[in-house]
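Below are the chains, spelled out letter by letter.
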Amino acid sequence: MKYKFDWKDKIKNEELEKVIEIIKTNGLVLVPTETVYGIAASALSDEACKKIFIAKGRAQDNPLIVHVSDKEMIRRLVKNVSDIEEKLINAFMPGPFTLVLEKNNVICDTASAKNPTIGIRMPSNSIIHEIIKESQIPLAAPSANISGKPSGTCIEDIFEELKDNVDCIIDGGECKIGIESTVVKVINNVPTILRPGYVTEEDIRKVCGNVRLSENLFKKVEENEKVESPGMKYRHYAPKTKCVLVAKSENQIAKINEILLENEDVCVIGFKEDRDLINAKKYINVGSKYNLEEVARNIFSALRKVDKENVDLAVIEGVEKEGLGLSIMNRLVRACENKVIE
Ligand code: TXA
Ligand code: MG
């Protein structure tokens, strides 16, 4: 890393020029978005996008999301937009929403991993927005983490992991949402959620009348299986510590306490309200179970903190799989590599 900029309070103009120069010369910039931090580079350049894959250790067939500043830029990058797609764009952009569209040949093949489609997202965070708007370059940006690790939601969590892999780091403070965007593709005229996120199934139903969840959101997908989204195949969000997830049920807390009786060296990742009911020596509080937005904001940091506790096992308290809870559970099931106690 050559530069580290602090834009927590405001975007600094001379530094913005430097960032644009780095993007234009095919370098990598760690940038904040409202969901999670991203490792950004020019989506127009194979050379730049190849560097992203190397920096993350990302599988070659897993396409990147391309970030734009406005609708005009979307038009420049894709072939056509159907009425339903237009509705989705108008309802959810800018925001934590990615729409998979048919690409033309402006975006490089490395960004799309040679797919005919590309995920397009228009972030609402003013820092990444300003970089795209001022440079007029669409930015390919996957979540800022080494592939397989939890996504980064503040610079402190990812600085050591990524400092040698990028040219510039921009600190924009903590990400407001904390989990990645909802990825949607319209298949046979039905909006299909390929990755759940902050925009929920219900939100989309309200706009389009119908919506479908991909069947693979909670399944363990094999490496050679054909899936709607390559990201579904890979190990994700996993701490080094072995984790189990205890699903929401009437006796969820009793089950957690049972595991604590059988295992010595355990850390629990749980809710504020349950701290005194759970007999754990080590406890990471992810916030209130009545405030899933708070839980979403803290979950990736909690998954990173647990590795610092040096325990044999992490036990995670699950939430109901509905609304934002479905998106949180999607991340947790993967963090536990599908080890879920129902
Ligand atoms: O919130 C976000 O979306 C963050 C921030 C940085 O914008 N980005 C992000 O990117 O989460 P990444 O690369 O970590 O995850 C992108 C996901 C992957 O699961 C990938 O497989 C899927 O989106 N994806 C990307 N392009 C796709 C396409 N053309 N078709 C289907 N799935 C696609
Ligand atoms: Mg990711």
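Coordinates for the structure precede this section.
Residues numbered from 1 in each chain as written. Chains lettered and ligands numbered in written order. Predicted model: local features only at pLDDT ≥ 70, side-chain atom pairs only at ≥ 80, totals over all residues. Heavy atoms only, no water.

Engineer: Sorry, what's going on with the site of ligand 1 here?
Structural biologist: Neighbouring residues of ligand 1: 26 residues in total, closest Thr-35, Asn-62, His-67, Ser-181 and Gly-231. Take Ser-229: an N or O atom from its side chain is 2.8 Å from a nitrogen atom of ligand 1. The backbone of Gly-231 places a nitrogen or oxygen atom 2.8 Å from an oxygen atom of ligand 1. Elements with a contribution of two residues or more to the shell around ligand 1: β4 (65–67), β6 (117–121) and β10 (190–195). Looking at the shell around ligand 1, the element that brings in the most residues is β6, giving four residues. Partitioned by chemical class, the residues of the shell around ligand 1 number 11 nonpolar, 10 polar and five charged. (Near = heavy atom within 4 Å. Polar contact = N/O pair within 3.5 Å; in protein donor to acceptor, adjacent residues only side chain to side chain. Helix = DSSP H or I, 4+ residues; strand = E, 2+ residues; numbered from the N terminus. Nonpolar A, V, L, I, M, F, W, Y, C, P; charged D, E, K, R; others polar.)

Engineer: Quick question: what am I supposed to make of the side chain of Asn-104 here?
Structural biologist: Looking at the secondary structure, you find Asn-104 in the loop between β5 (97–102) and β6. A polar atom in the side chain of Asn-104 sits 3.0 Å from the backbone nitrogen of Val-106. Once residues within four sequence positions are removed from consideration, Asn-104 is found in contact with Arg-76, Leu-77, Val-78 and Lys-79. (Contact = heavy atoms within 4.5 Å.)

Engineer: What is the right way to look at the sheet that holds strand β11 (residues 212–213) in this model?
Structural biologist: The strands making up a sheet associate through hydrogen bonds between their backbones, and the pairing can be parallel or antiparallel. A sheet is described by the order of its strands in space; here 11 strands give the open sequence β1-β8-β2-β3-β7-β4-β6-β5-β9-β10-β11, paired in mixed fashion. Unpaired on one side and paired on the other, β1 (3–6) and β11 mark the two borders of the sheet. Judged from the two bridges that link them, strand β3 (residues 38–42) and strand β7 (residues 139–140) form a sheet pairing that is antiparallel. Residue pairing in the sheet places Ser-42 in a bridge with Leu-139 of β7. (Pairing = 2+ DSSP bridges.)

Engineer: Can you help me understand the pairing of β10 in this one?
Structural biologist: Regular strands place side chains that alternate from one sheet face to the opposite one. As judged from the five bridges shared by strand β9 (residues 182–187) and β10, these two strands associate in the antiparallel manner. Across the sheet, residue Val-184 finds its bridge partner in β10, namely Ile-193. The loop that links β9 with its antiparallel partner β10 comprises two residues; one of these, Asn-188, has a positive phi angle of about 50 degrees. With two bridges joining them, β10 and β11 adopt parallel strand pairing. Among the inter-strand pairings, Ile-193 is bridged to a residue of β11, identified as Leu-213.

Functional significance is not addressed by these values, which are geometric in nature.
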